[in-house]
Amino acid sequence: MCLAVPGKVLDIEERDGTRMATVDFGGVVKEVCLEYVPDLKVGEYAIVHVGFALQRLDEESARHTLALFEELGLLQEEFGDPWEAAAAQGRDGAGGTPPAARNDGARETSR
């Protein structure tokens, strides 16, 4: 899933002519492009999708949305380590390792 997530702007700088920010998404910090919201300031919140700030958001709405996302586990799903998630899925038995990737000497044959 790919969500638009509210985040708080921690700092802003220009890199190679592009306005970029460090943004905090409830404890997860990422780099975000501010070109679509050029007047965004440090301390303000924005809705961010695929690395681009799309719209300014008031603090109350941002905090409420982040709390809901956290409660539903969506922040971990959105920002978590994909390798860790795949390993956990394999341990839980959901998905597992495909037969072609197994290294147990077994060979799958079609009939």
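A.B. asks: Tell me about unusual backbone geometry, residues and numbers included.
C.D. replies: In this structure, aspartate 16 takes a positive phi of about 50° despite not being glycine. As for its placement among the helices and strands, aspartate 16 is situated in the loop between strand E1 (5–15) and strand E2 (18–25). Using a relative accessible area of 86% as the deciding quantity, one classes aspartate 16 as exposed. Notably, valine 50 is not glycine yet its phi reads approximately 45°, a positive angle. Checked against the element boundaries, valine 50 lands in the loop between strand E4 (45–49) and strand E5 (52–57).

A.B. asks: Residue-level account of the packing of aromatic side chains, with values.
C.D. replies: Inspection of every chain in the model, using the stated rule, returns one aromatic pair. When the ring of tyrosine 36 is compared with that of phenylalanine 52, the centres are 5.5 Å apart and the planes differ by 40°; the resulting orientation is tilted. Residue tyrosine 36 is found in the loop between strand E3 (28–33) and E4, and its partner phenylalanine 52 is found in strand E5; the two are separated by 16 residues along the sequence. With a relative accessible area of 31%, phenylalanine 52 lands in the partly exposed category.

Parameters and conventions
Residues numbered from 1 in each chain as written. Predicted model: local features only at pLDDT ≥ 70, side-chain atom pairs only at ≥ 80, totals over all residues. Heavy atoms only, no water. Helix = DSSP H or I, 4+ residues; strand = E, 2+ residues; numbered from the N terminus. Buried < 20%, exposed > 50% of the residue type's maximum accessible area, 1.4 Å probe, protein only. Phe/Tyr/Trp six-rings, centres within 6.5 Å; stacked < 30°, edge-to-face > 60°.

Remember, this is a structural readout, not a statement about activity or role.
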